[in-house]
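# Architecture at a glance
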Amino acid sequence: MKKIILFFVFIFSASFLFAQQEEWKQHFDKIKEVDPLEDDFYDNPDASKIPAIKTKYQEILNLIEQVESKSSDYRDAATYQKASLLTSISYLYKELKDFEKQEEYVTKAFVLWPYFSSLSLYSVEKHLDFSNSYPLDNEYTNMIYLGVFSAYENKNYSRVYELEKLYETVKKNINPINEWLIIYDIARTYNKDSKGNEELAQHWVNSLEKWPPLTSENKERNKGPFDFMVKNINNMSTNDQSLKLRAAHALYAVEKYAEADKWFGNYAKSASSPTLDAGWDYSESAMKEPDKTDARNAVNIIEQFTSGFSEYEWERLQKVYEFIGDDAKVQEIKNKVIEARRKAEEEQRQIARREEEERRQREKEERKRDARGRFSVAVSTNPFMYIWKDYPVALDIRIGRVISEFRVIFSNTTDKGDKYRFAQWNAKDIAKNHTYHYSGMEYSYTLKVLVGKMETKQVGRRKQIVGGYVGLQPRYSSYKFDGSNIAFKDATTGIMNPEIPVNAAAQRYDLCLLFGFLGDNLGGFFHIDYYFGVGVGYRALQTSASDASGNSVDITQYQFDDTVDRRYDPARWNKIYVPVRFGFRIG
């Protein structure tokens, strides 16, 4: 029974929440249906429509407040819609020229702005569709525009200056028409508030510079403000040379050529050192007017920079003199054009010669680099072998992928002994303590071929090469054993004979297949080589011995077993064996 009651409670709660969610959705759908510009209000603003519009807007505001307070899912979108709605009401009052009411409602919208920083754009876009990439900033700039406009109309200039600072924080994402409207109204405020000439001039020029990106529709609609901007720029005064040049460029961009010429001329006369670019711009503007005066002023600037002119620049200056009608100067410049062309051709030939020489030099260096990459010599050793009294040194000569290795090892174990090289490690009983004491040399040649993909890199003047290789290595070793006094057992009688002196020498012949890894010219200087190998070998022994009377003795006739010294047992020599090699060298 208890489970049944809980089940019905769950079903009732879920149904209630679903119904409540559906109610909030219906509320929000009504909010989205509101048109910020009701009917044809924009084209035919009429005060009689305001009460009905306000009533509807107030209903929507009430719905928004309900959604804000009850639904976390819709809260962010509802807060955005509330700010947008207050801005729309402000816009309606703007059309009716009730600027006090306009400022009142846009101020209410600004109160909500601090909450925008905590809004989730995802949760807003989840319920609202936007045609721009920065919906929050776009709504904010709408507020700033309407706030600046209403504050200007209400002569609340201090509020305009506050909003100017806010505009600076979001202007990177602002749309062109809003940006121009804001800057234009700020300039009008400076004009009304009798701010200093320089500051006012900066704002008028800035507003005109923002004009060209506007659409044709916006330009047509704001023709009056445009003419007002141009008029104020014509009447402004400034000692800032860069601002004069900006004014000339801004006027030129909107095809006010006569006005642009005035400012180009003003700049040219007052600048201590007008620039060549300014002279060219001045001339381009002047050639769009019938009067030749400005063109003459422009060439006076340009003539200061003719030293080193290119053919193109002389031809450009020639066109200005043709516009002025100075035939003598035109002919003079034509000669300059010919001379500049000849000079340019000669320079091109010199450049071509230099480039050819540089190309040859590069190719020469590349050949040297390639040669160094194809050929290298390395001397290396294995310092760990010094522990066993072996002293190896190897010379590697690499040509491309093929390496020839020449190696020699000097061995001297007379003071230490060695039981590994000649397999004494497997001896038993008495013989296991008898080590070999010898000195000698080992010689080998290895033919190695780098296989697979090599890693190559230019390091300074050398080419670093890293890769695996296979190789074939023949070895020859020759060792002389220290003389030893050894007691032998007679093979016939089994009697142990007295110790006799024995001298012995050994040779080994190996042939191994190697698999290794090579790093050549590592860092430009170092060489490393390690490998594993296996093969076939043959070791031979020559002995000489004499008895107490000095007679030669053939020790092969004696008996060898585990009770005697078996180092020179014939059964352990003159036989084939399998050498296994591990190697490492650095150099």
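The following refers to the structure shown. Nothing here was measured: the structure is a model prediction, and the numbers come from that model.

This part takes up the packing of helix H9 (residues 197-209) against helix H11 (residues 223-235). Where H9 meets H11, the axes come as close as 10 Å, and the angle between the chain directions of the two elements is 140°. With respect to H11, the element H9 is oriented oblique. In this structure, the crossing between H9 and H11 has a hand that is left-handed. Between H9, through Trp204, Val205, Ser207 and Leu208, and H11, the contact on the second element is made entirely by Phe226, Phe228, Met229, Asn232 and Ile233. Tallied by class, the residues present in the contact of H9 with H11 amount to seven nonpolar, two polar and no charged.

Sheet topology places strand S8 (residues 500-522) next to strand S9 (residues 526-546); 19 bridges connect them, and they run antiparallel. Bridge pairing in S9 places leucine 522 opposite phenylalanine 526. Where S9 meets strand S13 (residues 580-586), seven bridges bridge the pair, whose relative direction is antiparallel. By the bridge assignment for S13, isoleucine 528 is matched with isoleucine 586. The pairing of S9 with strand S12 (residues 575-577) spans three bridges and is antiparallel.

Our focus in this paragraph is the packing of aromatic side chains. Within the structure shown, the criterion is met by 25 aromatic pairs. Relative to tryptophan 211, the ring of tryptophan 180 has its centre 5.1 Å away and its plane inclined at 70°; by these criteria the two rings are edge-to-face. With tryptophan 180 in helix H8 (residues 176-192) and tryptophan 211 in the loop between H9 and helix H10 (216-221), this pair connects stretches of sequence that are 31 residues apart. Take tryptophan 180 and tryptophan 211: they sit in the same class, and that class is buried.

On to the packing of helix H14 (residues 276-286) against helix H15 (residues 293-302). At a minimum axis distance of 8 Å, the contact between H14 and H15 shows a crossing angle of 160°. The angle between H14 and H15 places the two elements in the roughly antiparallel class. For the element pair H14 and H15, the recorded crossing hand is left-handed. Facing H14, whose interface residues are Leu276, Gly279, Trp280, Tyr282, Ser283 and Ala286, H15 presents Asp294, Ala295, Asn297, Ala298, Ile301 and Ile302.

Thresholds, definitions, all that
- All residue numbers here refer to positions counted from 1 along the written sequence of the relevant chain.
- With pLDDT at 70 or above as the cut-off, local features in this predicted model cover only qualifying residues; side-chain atom pairs require 80 or more to be listed or tallied, and sums for whole chains, interfaces and linings still use all residues.
- Hydrogen atoms and water are omitted, and side-chain values are computed over all heavy atoms in the structure.
- Whenever a helix is involved, its axis is fitted only over the stretch in contact; in every case the axis is a line through C-alpha atoms, and angles between N-to-C directions fall within 0 to 180 degrees.
- In this text, helices come from DSSP runs of H or I with a minimum length of four residues, and strands from runs of E with a minimum of two, each type numbered from the N-terminal end.
- An angle counts as roughly parallel when it lies under 35 degrees, as roughly antiparallel when it exceeds 145, as roughly perpendicular when it falls between 65 and 115, and as oblique in every other case.
- Left-handed describes a crossing whose near helix is turned anticlockwise from the far helix through less than a right angle; right-handed describes the clockwise counterpart.
- Residue contacts are defined here by distance: any two heavy atoms, one from each residue, within 4.5 Å place the two residues in contact.
- In this count, Pro and Cys sit with the nonpolar residues alongside Ala, Val, Leu, Ile, Met, Phe, Trp and Tyr, while Asp, Glu, Lys and Arg are called charged and the others, Gly among them, polar.
- Paired strands, as defined in this entry, are two strands with at least two bridges between them according to DSSP.
- Any Phe, Tyr or Trp ring, taking Trp's six-membered ring, that has another such ring centre within 6.5 Å forms a pair; planes under 30 degrees apart are called stacked, those over 60 apart edge-to-face, and the others tilted.
- Categorising residues by exposure relies on relative accessible area from a 1.4 Å probe, with only protein chains included: less than 20% of the type maximum marks a residue as buried, more than 50% marks it as exposed, and the intermediate range marks it as partly exposed.

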